[in-house]
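# Chains, contacts and geometry: an overview
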Amino acid sequence: MLKQLIDDSKNILKKDPAARSLVQVFLLYPGIKALIWHRIAHYLYSHGHHLAAGFISQHSRRITGIEIHPGALIGRRLFIDHGMGVVIGETAIVGDDVTLYHGVTLGGVGGSRGTKRHPTVGNGVEIGSGAKILGPVSIGSAARIGANSVVLTDIPAGATAVGSPARIVDKKEKHYVYAI
């Protein structure tokens, strides 16, 4: 977990021009704190300790303003920039190297327990402030979602989608390069 924490912190240092040091990122960035708490809560949740996981998740929400359900699957190097109001639902899957800005919701639109109710976000996706991605939709790798967009349908890899409801305004063949 320590290696992953360092990896996450280095990613923030690389992506955020306001970040000056790993110590600053670790001590002051709510996104990194939310990831630490989520990883602990997710471990407990995946081992059947739902009450303890929920307690940790809610504690993290009170401290950071970022709500990540302990059941959500979060990839490597997630960057939650200015995280206040970010919500990630129980069946959401977030790939590697994703950037979320404040007020992003990866939410559900109903369904029943045991069904996929939340979005799947591919690798290298950037989601602008206030965007709402709702339901079991897929956002392809290297896609971009504009600020305040409402996404209710799948967005292909490399596409840029904006508006409410979101529509594709640019689709380029972009290939996500995995960091090693």
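From a predicted model like this one, the values you see are computed outputs, not experimental measurements.

Looking now at the pairing of strand β15 (residues 167-171). As a general feature of sheets, a regular strand has side chains that alternate between the two faces. The pairing of strand β14 (residues 159-162) with β15 spans four bridges and is classified as antiparallel. Bridging across to β15, A159 finds its partner in K171. Turn length for the β14-β15 hairpin, with the two strands adjacent in sequence and antiparallel, is four residues, and the turn residue G163 shows positive phi of about 100 degrees.

Take a nonpolar patch on the surface next. Taken together, the side chains of V23, F26, L27 and L28 make up a nonpolar region of the molecular surface, amounting to roughly 410 Å² of accessible area. Here F26 is to be found in helix α2 (residues 22-28).

Next up on the list: the sheet that holds strand β11 (residues 138-139). Within the open sheet, the four strands sit side by side as β2-β5-β8-β11. Their pairing is parallel. Strands at the two margins of the open sheet, each flanked by one partner only, are β2 (73-74) and β11.

So, on to the pairing of β14. For strand β12 (residues 144-145) and β14, the ladder comprises two bridges, and the chain directions are parallel. Bridge pairing links I145 to A161 in β14.

What follows is about the side chain of T99. On the secondary structure map, T99 appears in strand β6 (residues 99-100). With relative accessibility at 7%, the residue T99 sits in the buried group. Looking at T99, its side chain comes within polar contact range of the side chain of K15, at 2.9 Å. Excluding residues that lie within four positions of it along the chain, T99 makes contacts with K15, F79, V125, E126 and I127.

This next bit is on the nonpolar core. Counting residues in each nonpolar core, the largest one holds 30 residues, and the members touching the most others are I88, L100, L106, I127, I139 and I145. Those elements that provide at least two residues to this core are α3 (30-46) and β14. Ranked by size, the runner-up nonpolar core spans eight residues in total, among them A19, V25, Y29 and I32.

Rules and cut-offs
Residues numbered from 1 in each chain as written. Predicted model: local features only at pLDDT ≥ 70, side-chain atom pairs only at ≥ 80, totals over all residues. Heavy atoms only, no water. Pairing = 2+ DSSP bridges. Helix = DSSP H or I, 4+ residues; strand = E, 2+ residues; numbered from the N terminus. Patch = residues over 30% accessible without salt bridge, like charges linked within 9 Å, V, L, I, M, F, W, Y side chains within 5 Å. Areas by Shrake-Rupley, 256 points an atom, 1.4 Å probe, with all protein chains shown as cover. Salt bridge = Lys/Arg side-chain N within 4 Å of Asp/Glu carboxyl O. Buried < 20%, exposed > 50% of the residue type's maximum accessible area, 1.4 Å probe, protein only. Polar contact = N/O pair within 3.5 Å; in protein donor to acceptor, adjacent residues only side chain to side chain. Contact = heavy atoms within 4.5 Å. Core = buried A, V, L, I, M, F, W, Y, C linked by side-chain atoms within 4.5 Å.

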